Amino acid sequence: MRKKKVMLLCTLIFCCILSACGQKKEEKSEKPRPAAELPEKEPDIDKKNPVKKDTDKTEDKKKEDKKDVKTAPKAEKPKEKPEAERLIQDQTFDTELIPLGNVTFASYLPDTSQMPYGDAEFKVSQNQQVIAVLSGMNQSNTRKEETFHKVEAVSFPDYNQDGYDDIIIICSYLPDDRTKGVYSESRLYYGSAEGRFTLDIGLSEQVNVDIMEKTIQNILDFLYQDTDYAEIPQTDEPDDSQADTAWKQAFADYIHNTYGQGGVAGYQLIYVNDDDIPELAVIGNCEAAGCRIVTYANGQTYEKHLRRTNFTYIERENLLCNSDGVMDGYYDLVYCIIDGQMTLIAEGNYGAEDNSSLQVDENGNLIYKYYWNGVEMTEEDYNSALNEVYDMSKAAQGYETGAYYTVEEILAELENN
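Residues numbered from 1 in each chain as written. Predicted model: local features only at pLDDT ≥ 70, side-chain atom pairs only at ≥ 80, totals over all residues. Heavy atoms only, no water.

## Thoughts on the overall build of the chain
Here is step 1 of the chain: A count of helical and extended segments in the chain gives 8 helices and 19 strands.
Here is step 2 of the chain: The long-range share in the chain, meaning contacts at least 24 apart out of those at least 6 apart in sequence, stands at 48%.
Here is step 3 of the chain: Accessible surface, the chain as shown: approximately 27100 Å² in total, 49% of it carbon and sulfur. (Helix = DSSP H or I, 4+ residues; strand = E, 2+ residues; numbered from the N terminus. Contact = heavy atoms within 4.5 Å. Areas by Shrake-Rupley, 256 points an atom, 1.4 Å probe, with all protein chains shown as cover.)

Take a look at the structure:
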């Protein structure tokens, strides 16, 4: 019995040994797994220098970019232009106004760096002190959807016949809508015994509505249309002999006072309008100096500075044309004498938009753009518009080179004739 138990125990031990050997054999015979099936090996991380994640790199890049970006400096507001730079020389006068006496009337361009739609300014000074600033057409002295173009005319008549001088100003403006062209607007200021000038807004608006072609003379004709001209108080005029002497002396004084400024080649006496007093043409010695036309009226001289040196006039028909230009930019400025002053009545401009890149047509002619009173048109229409105002066939040259008076000769002419 005991022998049987021993044999059974040995048998069990042998089976266990065989089972263990078979399991090891199976493990050794198992094929290696493909690399794709192997679990991914985590990268070795250097604890002292850990690898940054992509998001960290992006954040760092943003910080670097911010460091590189420089903040643009804030734009400084343009400085105001000094009045001296805005002074309109040909519409600034030394004159005598009742009851103020001798004063300077000054016209100024608007400071468009501060106010793009600003209007012109007008001041009256005496003894180098401003004593009056004329009101604008509105409280802000600005325009709406149009910009200031130029002061066309200024005059100082006593239009309301109260014994005190008044002021009439004509300005022109350029609408933002360029198809409308330049137009003129008048403003009337009445004077007082205290020497103040008040804008007559109602009368100004009436004049602007009722008068299409705004000139000083047309405005005065409108104001006096129901008045007998014989009843209008007239300034005491000297007799013929006094008047003849007065304009000669006035021109001689003008020459003495301005000759030292230089830039003069000579002088010429011409007859622009149909009265007996000629106009004095002052010929510049170079294009930059230009020419000046000096008129005499109301006991004083008035000066109009032309651009460059070329001009023509239609004798005794009260028309003068300043035609000149340079660098493919040309103009025709037509003037007439109104209330003793040369006044611009029409303006034409033509030329190339970019003279560094001139264009020609199929015939080799330069292609220019033409504008008459601010309105673009063809060359043919431009010439037609010019001739409607100023008949070029009647025009005479303003002077002949070398045939004008020297300063000594013109003073002798004025003294002896």
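## A look at the environment of Ala412
Here is step 1 of the chain: You can see Ala412 is positioned in helix 8 (residues 407-416).
Here is step 2 of the chain: Sequence-wise, Ala412 and Ala252 are 160 residues apart; in three dimensions their C-alpha atoms are separated by 9.4 Å.

## A few points about unusual backbone geometry
What is expected of a backbone is that most residues other than glycine have negative phi and most peptide bonds are trans.
Here is step 1 of the chain: Cis geometry is adopted by the peptide bond preceding Pro99, which originates at Ile98 and carries an omega value of 10°.
Here is step 2 of the chain: Its location among the elements puts Pro99 in the loop between strand 1 (93-97) and strand 2 (101-108).
Here is step 3 of the chain: Although it is not a glycine, Asn298 adopts a positive phi angle of roughly 55°.
Here is step 4 of the chain: Secondary-structure assignment places Asn298 in the loop between strand 11 (292-297) and strand 12 (300-305).
Here is step 5 of the chain: Backbone geometry at Asn318 places phi at a positive 60°, although glycine is not the residue there.
Here is step 6 of the chain: Residue placement: Asn318 occurs in the loop between strand 13 (312-314) and strand 14 (319-326).

## Focus on the sheet that holds strand 10 (residues 279-284)
Here is step 1 of the chain: Judged by pairing direction, the sheet is antiparallel, and its 4 strands sit side by side in the order 9-10-11-12 without closing on themselves. Strands with a single pairing partner mark the edges of an open sheet, and in this sheet they are strand 9 (264-270) and strand 12. Strand-to-strand twist across the sheet, computed as the mean angle between neighbouring axes with direction ignored, equals 20°.
Here is step 2 of the chain: With 6 bridges joining them, strand 9 and strand 10 adopt antiparallel strand pairing. By the bridge assignment for strand 10, Gln268 is matched with Ala281. (Pairing = 2+ DSSP bridges. Axes fitted to C-alpha atoms, helices over the stretch in contact; angles between N-to-C directions.)

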